[in-house]
Amino acid sequence: MTHPTGSQINRDLLHPLFNTSWRFYLLVAIFGGIVLFGLATWFTQTVNGYGVTGIRWPVYWGFYVTSFVFWIGISHAGTLISAILRLVNAGWRRPVTRCAEVITAFALIIGALFPIIHLGRPWLAFWMFPYPSERLIWPNFRSPLVWDFFAINTYLTGSLLFLYLPIIPDFAIVRDKSTGLRRKIYGALALGWRGTPKQWHRLETAMQIMAIAIIPVAVSVHTIVSFDFSMAPVPTWNTTIFGPYFVAGAIFSGIAGLLIAMAVLRKFLHLEAYLHPLHFENLGKLMLVMALLWGYFVFNERLVTYYGNEPAEMSVYWRTQSGTFAPLFWTMVICNFVLPLILMGIRRFRTITGCVIASIGVVIGMWLERFLIIVPALGHKYLPYSYGIYRPTPPEIIVASSTFAAMALLYVLFAKVVPIISIWELKAGEHPSPELLPPATEEHRLGDLHL
Amino acid sequence: MKAVYGLYPSGASAQQAVNRLRAAGLADREITILSAQPMEDFEFGHIDKATYMWWFACLGGLVGMSIGFGLSWVTEMSWPINVGGLPTWAWWPNLIIIFELTMLGAILATIITLVVTGLLPSKGQTLYDPEVTDGQILVGVENPVDSRVGDFQKALEAPNGARVKTL
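Here the structure is a predicted model, which means the values were calculated and not measured.

Asks: Hey, could you run me through the overall build of chain A in this one?
Replies: Looking only at helices and strands, one finds 16 helices and zero strands in chain A. At 23 Å, chain A has a C-alpha radius of gyration in line with the 22 Å of a compact globule built from 451 residues. Counting every position in chain A, which comprises 451 residues, the buried fraction comes to 46%.

Asks: Just to check I follow, could you spell out the overall build of chain B for this structure?
Replies: Scanning chain B from N- to C-terminus turns up four helices and four strands. Helices and strands in chain B line up, N terminus first, as β-α-β-α-α-β-α-β. The globule rule puts the C-alpha radius of gyration for 167 residues at 15 Å, and the 25 Å found for chain B is more than 25% above it. Across the 167 residues in chain B, those meeting the buried criterion constitute 42%. Sequence separation of at least 24 residues holds for 80% of the intrachain contacts in chain B that already meet a minimum separation of 6.

Asks: Got a minute to help me understand the domain arrangement of chain B in this structure?
Replies: How big an interface is tends to be stated in terms of the accessible area lost upon association of its parts. In terms of domain boundaries, chain B breaks down into domain 1 (3-50 + 124-166) and domain 2 (53-119). The C-alpha centroid of domain 2 of chain B is placed 45 Å from the C-alpha centroid of domain 1 of chain B.

Asks: Explanation requested: the interface of chain A and chain B in the structure shown.
Replies: Between chain A and chain B, the contact holds 50 residues from the first and 50 residues from the second. Elements with a minimum of two residues in the side of chain A that touches chain B: helix H1 (6-18), helix H6 (144-164), helix H7 (168-177), helix H9 (197-230) and helix H16 (423-428) of chain A. When grouped by side-chain class, the residues that make up the side of chain A that touches chain B number 26 nonpolar, 16 polar and eight charged.

Asks: What is the right way to look at the sheet that holds strand E4 (residues 163-166) of chain B in this model?
Replies: Paired through their backbone hydrogen bonds, the strands of a sheet run either parallel or antiparallel. Residue and element names in this part refer to chain B. The four strands lie next to each other as E2-E3-E1-E4, forming an open sheet whose pairing is antiparallel. Looking at the sheet topology across the chains shown, the edges are occupied by strand E2 (31-34) and E4. Strand after strand, the sheet turns through a mean of 20 degrees between neighbouring axes, direction not considered. The sheet contacts of helix H4 (residues 149-157) involve strand E1 (3-8), strand E3 (137-142) and E4, and relative to E1 the element is tilted by about 5 degrees.

Asks: Just checking my understanding: could you explain helix H12 (residues 311-321) of chain A for this structure?
Replies: Spacing of three or four residues puts side chains on the same side of an α-helix, whose turn is 3.6 residues. All names here are of chain A. Those residues of H12 that fall on the buried side of the exposure criterion are Glu313, Val316, Tyr317 and Thr320. Viewed along the axis of H12, the buried residues span an arc of 105 degrees, placing them on a single side of the element. Its buried side turned inward, H12 meets helix H11 (277-308), helix H13 (326-345) and helix H14 (352-378).

Asks: Got a minute to help me understand H13(A) in this structure?
Replies: For H13(A), the principal kink sits at Ile334(A) and spans about 35 degrees. Buried residues of H13(A): Phe329(A), Met332(A), Cys335(A), Asn336(A), Leu339(A), Pro340(A), Leu343(A) and Met344(A), and no others.

The rules behind these values
- Residues numbered from 1 in each chain as written.
- Chains lettered and ligands numbered in written order.
- Predicted model: local features only at pLDDT ≥ 70, side-chain atom pairs only at ≥ 80, totals over all residues.
- Helix = DSSP H or I, 4+ residues; strand = E, 2+ residues; numbered from the N terminus.
- Rg over C-alpha atoms; globule rule 2.2 N^0.38 Å.
- Buried ≥ 20, exposed ≤ 12 C-beta atoms within 10 Å, placed from the backbone.
- Contact = placed C-beta atoms within 7 Å.
- Domains from an automatic or database assignment.
- Nonpolar A, V, L, I, M, F, W, Y, C, P; charged D, E, K, R; others polar.
- Pairing = 2+ DSSP bridges.
- Axes fitted to C-alpha atoms, helices over the stretch in contact; angles between N-to-C directions.
- Arc of directions from axis to C-beta.
- Bend = angle between axes of the 7 residues up to and from the residue.

Here it is as structure tokens:
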């Protein structure tokens, strides 16, 4: 295991910013093309009306709301994990945090887009804003959808700032290495950073406060997303377990998203010296814990419904257990529980490849989980007159799929303009000698913390 | 002369330079130190640590909480619609709005405090050298009294590996 130091870190991590290969343009062209196709499809849907989708009575929430919950869940990877690792001062976090925080920012932006897509008339989205209109009509603060608006916007603001703050010293590094217009742009982004002890202390204090503030906000966001369901009188939805169940699922899918992003960055940006197998192993163990927790929640949810034996709920229960949705349900169980349990539970398989395979499984499984919460219940409510089926149409599939390309595109562009691993934090991890290390800054070094 | 400063390859030599400048009669606030990373392993890295940022964050949280309370109270009471039999202003749902705006207030107050106290340049303090980016630690004096420049230069040259420059 190699540990680059000083100017080597600068050279390695600034390389993608100053050198552009044909691969970058190819990736931008591919992902950009898919995103444009998705945007054109959304535009067509807006012009032609919501009838082009498969969303109709009684299933009014389909692919778009599934994808909304999915992306908000993925967003929990970054800021939450980064904040926890910062607060416990885990030394091995240093190369991981920024990769994670970026996922949060972009996944939240994409996730927040879905309610607007789902509106059908996106130009009316401003109705959610609490502004003094002529008729003094305000949003209904008792509606979970307005809670969503406030929670997601608070989390998005906090996450963007939490991402930006530790980039400021790195912007200063890029500024010093640049010339011309690039220097001016990075100079403006660095906000006059010089690196005085006062600036370092203020920055670290601000990061501490942000880390403490962002954890309850992150938990609240997915709890509130779960309230969109659990506040509604729909079979299997009106349950108290949804809050923690959704939060656990969000962290679970978030870790999977982070592992995939780290593996791709490691491979394409040649970051083998920074993202070690140990980082994957530690996050893999965390994913194993979350898989067990997810299994525990599903078991609870299923068993309580079964023992409650309420006819409408049992009807939805059997539809997912052994009816129409059974293939999707059991695929979800394999992807979210069996696969991570085998690959992350057996040490021999807990390699980078093993982590990526398990993570892809979890991402698929968690998307299915959200779909299985929404569609079977909405299509089989209390009275037979409200029974119905949902078949997604090509526009929905294209729009939902193109957001994965949007995520990849945003990530590629970000890695082109910002060092994807925090340079100053890596350098700060190099202490001259253990005797000089004040107890206050003692931390778990890379390799010392075995989860 | 605008400034006299030295560039040092290690924290230990920078610490020596700081100590010598102090011995030459300079107070901590008159010494400029720049580094590409936090230098908490050294005494000079702990200069100017005290901050009211936590208090401002709490204050921001209180302001956010008040806005959340006021927004939900004023809007709901001025347009009293019965929703599901809940009171016109109900604690449970409004607590969510109040919580989110409290946290938003704390976050924004933290950022404003950081910008005002840490990032806005102080008058006459603009000394910088791009070599800091490559790992050099800068220790210097800005706007020194001309008669003392020689003393400061001597103090800055003493540690191992020092490269002294003037502006």
